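The lines below spell out each chain.
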Amino acid sequence: MLSDIEHRIATLAAKIQFNAHKPIRVPETNEDHHIHNWHSETLNRQRFARLIITYSYEKPNGFTVKDMVHDLRISDVAVREMINYSLKQYWLAKNDDTNTYKVTEYSLKHNFNYVKSHLAHCQTWIAELNSLLTVYNHNGNGETSYFSPTKFTEKK
C-alpha cells in the first residue's frame, strides 16, 4: 500500500501530466494563434510540438523522420504530414544535405510561450512535488527525514 507521501507524489505527478495535455486555445485575434492552436488540436500534435522542442536541445544537428517515428510511436505517414505542414509554416527548417530537420527560432519562441503558460498553472504543484521528492529520496537512502509527513491536503 502507498504511504501518504507516495500517494501525494503520484497525485501531483498526475495533475502536472494532465495539465500538460490540456489544450490552451489562443484567440484568433492573436497574430500567432495558428502555431499554438494547431499544436494543441490533437494529442499527436501536442506530443510532436514537445518533441521538436526536446530535439532542439538534445539533437542540435537536427532530427530525422526515423527519430520522430520511433519516439512518437506513430506512423511514418503521420510524422511526414506534420513535418511537411511545419515546413510550410516555417516552424521547421530542413537541411537537405543531411536530410534532418531543426526547429526554427519562431517555433522555439512560441512553443516556449505555450510551455510557460502551462508551467504557470502547475508551478505550485511542481514546487510541492520537488519538496516531497527531496524528503522521499532522503528517506529512501536510509537517512533521517527532516520532518514526518502526515496527510496532505490540497491547497486551493
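See the structure above.
Residues numbered from 1 in each chain as written. Predicted model: local features only at pLDDT ≥ 70, side-chain atom pairs only at ≥ 80, totals over all residues. Heavy atoms only, no water.

Participant: An account of the pattern of salt bridges is needed here, citing residue identities and associated values.
Facilitator: Within this structure, the stated rule accounts for five salt bridges. The shortest N-O distance in the salt bridge between Asp76 and Arg80 comes to 2.8 Å. One end of the pair is Asp76 and the other is Arg80, both in helix H5 (residues 76–88) and four residues apart, which spans about a single turn. (Salt bridge = Lys/Arg side-chain N within 4 Å of Asp/Glu carboxyl O. Helix = DSSP H or I, 4+ residues; strand = E, 2+ residues; numbered from the N terminus.)

Participant: Can you explain the packing of aromatic side chains? Please cite residues and give values.
Facilitator: The tally for this structure, following the rule as stated, stands at six aromatic pairs. Where Trp38 meets Trp91, the ring centres are 5.4 Å apart and the plane angle is 50 degrees; that geometry is what we call tilted. Taken together, the positions of Trp38 in helix H2 (residues 33–40) and Trp91 in the loop between H5 and strand E1 (92–95) put the pair 53 residues apart, joining distant regions of the chain. The residues Trp38 and Trp91 share a single accessibility class, namely buried. With a centroid separation of 5.8 Å and 65 degrees between ring planes, the pair formed by Tyr85 and Trp91 is classed as edge-to-face. Classification of Tyr85 as partly exposed rests on a relative accessible area of 27%. Given the relative accessible area of 2%, Trp91 is considered buried. The rings of Trp38, Phe48, Tyr85 and Trp91 are connected pair by pair, giving a single aromatic cluster. (Phe/Tyr/Trp six-rings, centres within 6.5 Å; stacked < 30°, edge-to-face > 60°. Buried < 20%, exposed > 50% of the residue type's maximum accessible area, 1.4 Å probe, protein only.)

Participant: Describe unusual backbone geometry, and please don't skip the residues or the numbers.
Facilitator: The phi torsion at Arg73 lies on the positive side, around 60 degrees, for a residue other than glycine. Along the chain, Arg73 falls in the loop between helix H4 (65–72) and H5. The phi angle at Asn99 is positive, at roughly 55 degrees, despite the residue not being glycine. Tracing the backbone through its elements, the reader meets Asn99 in the loop between E1 and strand E2 (100–103). Relative accessible area serves as the criterion here: at 42%, Asn99 is assigned to the partly exposed category.

Participant: Requested: an account of the packing of helix H3 (residues 43–58) against H5, with residues and values cited.
Facilitator: The geometry of H3 relative to H5 is characterised by a closest axis approach of 11 Å and an angle of 65 degrees between their N-to-C directions. By crossing handedness, the relation of H3 to H5 is classed as right-handed. Seen from H3, the contacting residues are Asn44, Arg45 and Phe48; seen from H5, they are Met82, Ile83 and Ser86. Counted by class, the contact of H3 with H5 contains three nonpolar, two polar and one charged residues. (Axes fitted to C-alpha atoms, helices over the stretch in contact; angles between N-to-C directions. Left-handed = near helix turned anticlockwise from the far one by under 90°. Contact = heavy atoms within 4.5 Å. Nonpolar A, V, L, I, M, F, W, Y, C, P; charged D, E, K, R; others polar.)

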